There are 2 protein chains.
Amino acid sequence: MQRKELLLGQSEWMKESSKSDVVLSSRVRLARNLENTPFPHILSPEQSHEVEEKIAKVIKDIKVEGKQLTYFSLPDLSLIEQQVLIEKHLISPGLVQSKGSRGVAVTEDHCISVMVNEEDHIRIQSLLPGNQLRECYRLANLMDDSLEEQLDIAYQEAQGYLTACPTNVGTGMRASAMVHLPALVMTKQVQQILGSLTNLGLAVRGLYGEGSQAYGHLFQVSNQITLGQSEEDILTHLEAVTGQIVEHELHAREALQRGAKLVVEDQVWRARGTLENARLLTSEDAMHLLSLDRMGVDMGLLPRMEKSFPTLLVDSLPGNLQYLQDRELDPGQRDEERARLIRDVLRDQNLSDKKESE
Amino acid sequence: MQRKELLLGQSEWMKESSKSDVVLSSRVRLARNLENTPFPHILSPEQSHEVEEKIAKVIKDIKVEGKQLTYFSLPDLSLIEQQVLIEKHLISPGLVQSKGSRGVAVTEDHCISVMVNEEDHIRIQSLLPGNQLRECYRLANLMDDSLEEQLDIAYQEAQGYLTACPTNVGTGMRASAMVHLPALVMTKQVQQILGSLTNLGLAVRGLYGEGSQAYGHLFQVSNQITLGQSEEDILTHLEAVTGQIVEHELHAREALQRGAKLVVEDQVWRARGTLENARLLTSEDAMHLLSLDRMGVDMGLLPRMEKSFPTLLVDSLPGNLQYLQDRELDPGQRDEERARLIRDVLRDQNLSDKKESE
């Protein structure tokens, strides 16, 4: 498959899922390392090259339920392509920042990606739309099984999987749900509700990992603990907590509908009107407006957009925006092209709505 | 003519004028008083009734270029009707606030109105769209001539017309131009340019007279001096200064087009999008957005609205909004109905644009 085609393709996780309006996507990642091999950050250039070669060779032959993976060495990718992969959540910013031979393998539908020589030798990741933590785990596990068939993975009976950072030792698993909480933000409950999660062994981050702000009213909720709990325990716990957060968000939306119906209608229609008409949109502005719009759709106040919320979010980020246009754009041009991209989606949609009603 | 029909009618001054995009309307008023009669504020109830009767009787028989006037005693008008007349600039808030027998006569097209027993016994006013100060003066003067044919007006050779307030003695004339200066506001030049007018014997006020804020980037520029200058001098002076203000505004718009084209396009399209979609609009919000929209139209960036800027401004003010709907509305309901009114205008327009393009 052509690299451009593969990178431009809509990731499965960005599609609308019927499984939840609030949980936009689910992710599971497994950290694995080769036995008797130093962790990536202390590998010599030659060693890191060997490790990459060895793992990439194995990955290329694996099929997960018929899905093949394409491997890219990081230096073969342009800076913009690297950014596209980060924005699509297929690689971490850490993979770009680290040194040595490293790369990533992805399936055509972007459901599975495997980073090589990031913090660990191997990081398997599975990403799906909606509330599908268990299905993510099942896919990541299939990938893991295939890798372990051909590679000796560092594992100790007492501790479990060994990892470069002690916070991952044990299952090596991090599971996370991306939740969309506009009503909890608007009703100022979000701090209190998400703040209590730390005590439950969970972490809350913005859309792009640690330290990233919660633009677009999006939050990632993930497990902190990897040792002393089985994968099953972790998933059950995260699912239960995510379910409660969804309940809180839905209650907050109902309360808004009851107590401030017109104010909410006004806000979501203004957001739609601004998205349809703005000539300049910053990333932050776009995420905020798309978030309000999406809430309006979920609440039955606005007609659904033809492109999904996560697709528009990601397509309007700097890397994807430039990759879609196949040219470099300065920040001012990006604001202009971002506004055009969203406007065009809504115009095409309005035109086709019109045709249908004729 | 039915009262409701007369009050609801679109005032001539609210129509789009081809004469200027920046000067929205022109107004001339003449203060006159009956000879040997105390000024209104010191009249006894009986005297004020007599004065009103006497003047109203004369007005009813006058035709100015074929236009007849309909007379309303103020107590016969509901509070909402009084507010409608204020918002359409046909009476002053002062007429409503003052005591005694008083009223107003208006022509069907609202070009001429005559207040009886406001601050003076007679206040003739002529209002026209665009830059038409001299035509306003001509009409007001025709009305004045007709009144003076049948009434003895207080006039002294040395001072000119006598008035209740010394600031009006002389010509008794106040001429004013309503100017729309969004670009001077946006480029922060407006204070400096309008501030200097006081030194030139001119006054600057907001849309609804002294002390009213300049919502909608609208300013009224008028002469302060009535004594020692002929009507001709006053008009020439005001026309010259207004011409300069228009130049400044047009230069500021050109500078915006050159230096910040996209920012301006973005602002005016967002304004249009918000007007098309908002479910709640305060008066202030509506005036601000309509002002930006109008600037966008004038600059060739937006398609012209089917209803004129002044018409939408006035129709969306509390009195007119309630009168149009024929019911009382609390402030929250007004915000809702104001948004609906503007949205409906734009939707009807978009539908008819569509039909035309089919």
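This one's a predicted model, so the numbers in the text were calculated from it and none came from an experiment.

S.K.: Would you mind going over the environment of Ser98(B) with me for this structure?
M.R.: Considering the arrangement of structural elements, one finds Ser98(B) in the loop between α4 (93-97) and β4 (103-107). Remark: the alpha-carbon pair of Ser98(B) and Glu119(B), spanning 21 residues in sequence, is separated by 8.1 Å.

S.K.: Hey, could you run me through the relation of the copies chain A and chain B in this one?
M.R.: Between the two chain copies there is a screw-like relation: a rotation about an axis and a shift along it. Overlaying chain A with chain B gives an RMSD of 0.0 Å, the required rotation being 180 degrees about an axis along which the chain moves by 0.0 Å. In short, the pair behaves as if placed about a two-fold rotation axis. Using C-alpha coordinates, one finds that chain A approaches the rotation axis most closely at Gly273(A), a distance of 2.2 Å. Of the interface residues in chain A, 100% have counterparts in chain B that sit at the interface too, so the contact is made through matching surfaces.

S.K.: Where do I start with the pattern of salt bridges in this structure?
M.R.: Two side chains carrying opposite charge are able to pair once their charged atoms lie near each other. All chains considered together, the criterion is met by 58 salt bridges over all chains. Three or more residues joined by partner-sharing salt bridges are found here, namely Glu16(A), Glu249(A), Arg253(A), Arg294(A), Asp298(A) and Arg304(A).

S.K.: Would you explain unusual backbone geometry in this entry?
M.R.: Residue and element names in this part refer to chain B. Of note in this structure, Asn-36 is not a glycine but carries a positive phi near 55 degrees. Non-glycine residue Asn-117 carries a positive phi angle of around 60 degrees. According to the relative accessible area criterion, Asn-117 is buried, its value standing at 2%.

S.K.: Which parts of the structure should I look at to understand helix α9 (residues 261-277) of chain A?
M.R.: Every α-helical turn comprises 3.6 residues, leaving residues that sit three or four positions apart pointing alike. Taking 1.5 Å per residue as the helical rise, α9(A) with its 17 residues ought to reach 24 Å, and the 24 Å between its terminal C-alpha atoms agrees with that figure. Buried residues dominate α9(A), accounting for 13 of its 17 residues.

S.K.: Please explain the domain arrangement of chain A as it appears in this structure.
M.R.: One frequent convention defines the size of an interface as the accessible area lost when the parts assemble. All names here are of chain A. Assigned domains of chain A: these are domain 1 (1-170) and domain 2 (253-357). Centre-to-centre separation of domain 1 and domain 2, based on C-alpha positions: 31 Å. Listed by partner, the interface residues are 19 residues for domain 1 and 18 residues for domain 2. Together, Glu-16, Ile-80 and Glu-87 form the three largest contributors to the area buried by domain 1 at its contact with domain 2, with a combined 33%. Scanning the region where domain 1 abuts domain 2 turns up three salt bridges. Where Arg-294 meets Glu-16, a salt bridge forms, and the shortest distance between an N and an O atom there is 2.9 Å. Across the domain 1-domain 2 interface, the total number found is twelve residue pairs in polar contact (both at pLDDT 80 or more).

S.K.: How do you make sense of the packing of aromatic side chains when you look at a structure like this?
M.R.: Each aromatic ring pair is characterised by the separation of its centres together with the angle its planes make. A complete count under the given rule lists two aromatic pairs over all chains for this structure. Ring geometry for Tyr155(A) against Tyr161(A): centres 4.8 Å apart, planes inclined by 65 degrees, an arrangement best described as edge-to-face. Exposure remark for Tyr155(A): the relative accessible area of 42% places this residue in the partly exposed category. Note that Arg32(A) overlies the ring of Tyr161(A), its terminal NZ or CZ placed 3.4 Å from the centroid. Note that Arg279(A) overlies the ring of Trp269(B), its terminal NZ or CZ placed 4.1 Å from the centroid.

S.K.: Explanation requested: the state of the cysteines in the structure shown.
M.R.: This model, assessed by the stated rule, comprises zero disulfides over all chains. Distance from the sulfur of Cys111(A), which forms no disulfide, to the nearest cysteine sulfur (Cys136(A)) is 8.0 Å.

S.K.: Would you mind showing me how to read the interface of chain A and chain B here?
M.R.: In this complex, chain A contributes 18 residues to the contact, which on the side of chain B involves 18 residues. Summed over the shared surface of chain A and chain B, the result is two salt bridges. Between Asp285(B) and Arg270(A) there is a salt bridge, with its nearest N and O atoms 2.9 Å apart. For the pair chain A and chain B, the interface holds eight residue pairs in polar contact (both at pLDDT 80 or more). Within the residue set of the side of chain A that touches chain B, elements represented by two or more residues are α9 and α13 (331-357) of chain A.

S.K.: Hey, could you run me through the confidence of the model for chain A in this one?
M.R.: All names here are of chain A. Mean pLDDT over chain A stands at 92; residues scoring 70 or higher make up 96%. The secondary-structure element of chain A with the lowest mean pLDDT is α13, recorded at 85, while strand β5 (residues 112-116) shows the highest, at 98. The ipTM assigned to the predicted complex is 0.86, against a pTM of 0.89.

S.K.: Hey, could you run me through the packing of α9(A) against helix α10 (residues 283-298) of chain A in this one?
M.R.: Angle between the axes and distance between the axes: these two values describe a pair of packed helices. All names here are of chain A. Where α9 contacts α10, the two axes come as close as 8 Å, and the packing angle between them is 125 degrees. Looking at the two axes, α9 sits oblique to α10. In the crossing of α9 with α10, the sense of the turn from one axis to the other is left-handed. Mapping the contact onto sequence places Val-264, Gln-267, Val-268, Ala-271, Arg-272, Thr-274 and Leu-275 in α9 and Leu-289, Leu-290, Leu-292, Asp-293, Met-295, Gly-296 and Val-297 in α10. Residue composition of the contact of α9 with α10, by class: nine nonpolar, three polar and two charged.

What counts and what doesn't
- Residues numbered from 1 in each chain as written.
- Chains lettered and ligands numbered in written order.
- Predicted model: local features only at pLDDT ≥ 70, side-chain atom pairs only at ≥ 80, totals over all residues.
- Heavy atoms only, no water.
- Helix = DSSP H or I, 4+ residues; strand = E, 2+ residues; numbered from the N terminus.
- Least-squares fit on C-alpha atoms with pLDDT ≥ 70 in both.
- Contact = heavy atoms within 4.5 Å.
- Salt bridge = Lys/Arg side-chain N within 4 Å of Asp/Glu carboxyl O.
- Buried < 20%, exposed > 50% of the residue type's maximum accessible area, 1.4 Å probe, protein only.
- Expected span 1.5 Å × (residues − 1).
- Domains from an automatic or database assignment.
- Buried area = accessible area lost by both parts, 1.4 Å probe.
- Polar contact = N/O pair within 3.5 Å; in protein donor to acceptor, adjacent residues only side chain to side chain.
- Phe/Tyr/Trp six-rings, centres within 6.5 Å; stacked < 30°, edge-to-face > 60°.
- Lys NZ or Arg CZ within 6 Å of the ring centre and 35° of its normal.
- Disulfide = S-S within 2.5 Å.
- pLDDT = per-residue confidence, 0-100.
- Axes fitted to C-alpha atoms, helices over the stretch in contact; angles between N-to-C directions.
- Parallel < 35°, antiparallel > 145°, perpendicular 65-115°, else oblique.
- Left-handed = near helix turned anticlockwise from the far one by under 90°.
- Nonpolar A, V, L, I, M, F, W, Y, C, P; charged D, E, K, R; others polar.

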